[in-house]
Amino acid sequence: ERLLKTLHIDYPIHGKLILWDDIHALKNTPSPLQLTAAKTRLKTLHPSDLADIIEDLDKTTRINLFSTLDEEQAADVLEEMDTDTQVEMVESLPKEKVADVLEKMPADEAADILDELKDEKAEELLREMENESSEDIRELLEYPDKEVGSIMTRDYMTFRNDMTVEETLKSLRKEKPEPSYIYSLFVVDKDDKFLSAIPLGDIAVADPKLQLDQIMQKNPVIVYDDDDIDILADLVSKYNLLAVPVLNHDREIEGVVVIEDIVEDLLGNRKTK
């Protein structure tokens, strides 16, 4: 900032950047750099930006900085890192810390990271995790890389077809799900068989008194968990979809593929494949 002023360059320093004034060298420490800003300053950074910063540091400093993050932020940042750095973090940190972070990540993202590790290390971490999380990840790891199930997430919400729009909105406000979980709401019957998917926008503008089966699509676009990934691009392009429900052949919901995962796969930039 001082250099810019000396050169008479009027360039505003973005409030979410970490300035050199926030960093100073410490002697006799494992890391040559230490953040002097409060941890709350790190929380103002987007996970992608913080991942970029960490990736540019030396190994020791990367690990030290990542270790200061709470589990929620660490999960978000780890998800945005390149594959090599993800593996480095997972292999360098205590297994208890890694397991807690992986539990906070979407199961498909955690599965992708574990898929890059040696079988013994992956199994060690899975045993350290809570049963529900580890079981979801184990199931995803069973899918071959080119099947739809390998990139789906199990984070979605279902609603009975006889629920009203008003009841559905009340449930959403109560649960407060992540936005990416509700690109589409899945409608099921009394036996939990999939019936349809309704975009959140359609819910928002519908008559509150109508039931979901009165506004849902009668012929929804779906894929099966063992379908080839390559079919997804044409589907999302043709139907302008943000999310595609993934079913098994008994019409039960296995998960959902969201547009972010499809785009990453199309660009050939999926971090873990």
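Each remark here, short or long, concerns the structure printed above.
Notes on the structure follow. Because the structure is a prediction, the values reported are computed rather than measured.

Focus: the sheet that holds strand S8 (residues 253-258)
Here we have three strands laid out as an open sheet, ordered S6-S7-S8, and mixed in their pairing. Of all the strands in the sheet, the pair left with one neighbour each is strand S6 (223-224) and S8. Direction of pairing for S6 relative to strand S7 (residues 243-247): parallel, over a ladder of two bridges. For Val223, the partnering residue across the bridge sits in S7 and is Val246.

Description of unusual backbone geometry
In this structure, Lys176 is a non-glycine residue whose phi angle is positive, near 50 degrees. Relative to the helices and strands, Lys176 resides in the loop between helix H11 (165-175) and strand S4 (184-188).

What to know about the pattern of salt bridges
Side-chain pairs of opposite charge can arise whenever the charged atoms involved come near each other. Counted by the stated rule, this structure contains 13 salt bridges. One salt bridge in this structure joins Asp191 and Lys190, with 3.4 Å as the shortest N-O distance. For Lys193, the salt bridge identified is with Glu252, shortest N-O distance 3.8 Å. Residue Lys193 is found in the loop between S4 and strand S5 (194-199), and its partner Glu252 is found in the loop between S7 and S8; the two are separated by 59 residues along the sequence. Given the relative accessible area of 27%, Lys193 is considered partly exposed. Assessed through its relative accessible area of 35%, Glu252 is described here as partly exposed. Among the ionic contacts, a cluster of salt bridges with common partners joins Lys95, Lys121 and Glu124.

Calculation rules
Residues numbered from 1 in each chain as written. Predicted model: local features only at pLDDT ≥ 70, side-chain atom pairs only at ≥ 80, totals over all residues. Heavy atoms only, no water. Pairing = 2+ DSSP bridges. Helix = DSSP H or I, 4+ residues; strand = E, 2+ residues; numbered from the N terminus. Salt bridge = Lys/Arg side-chain N within 4 Å of Asp/Glu carboxyl O. Buried < 20%, exposed > 50% of the residue type's maximum accessible area, 1.4 Å probe, protein only.

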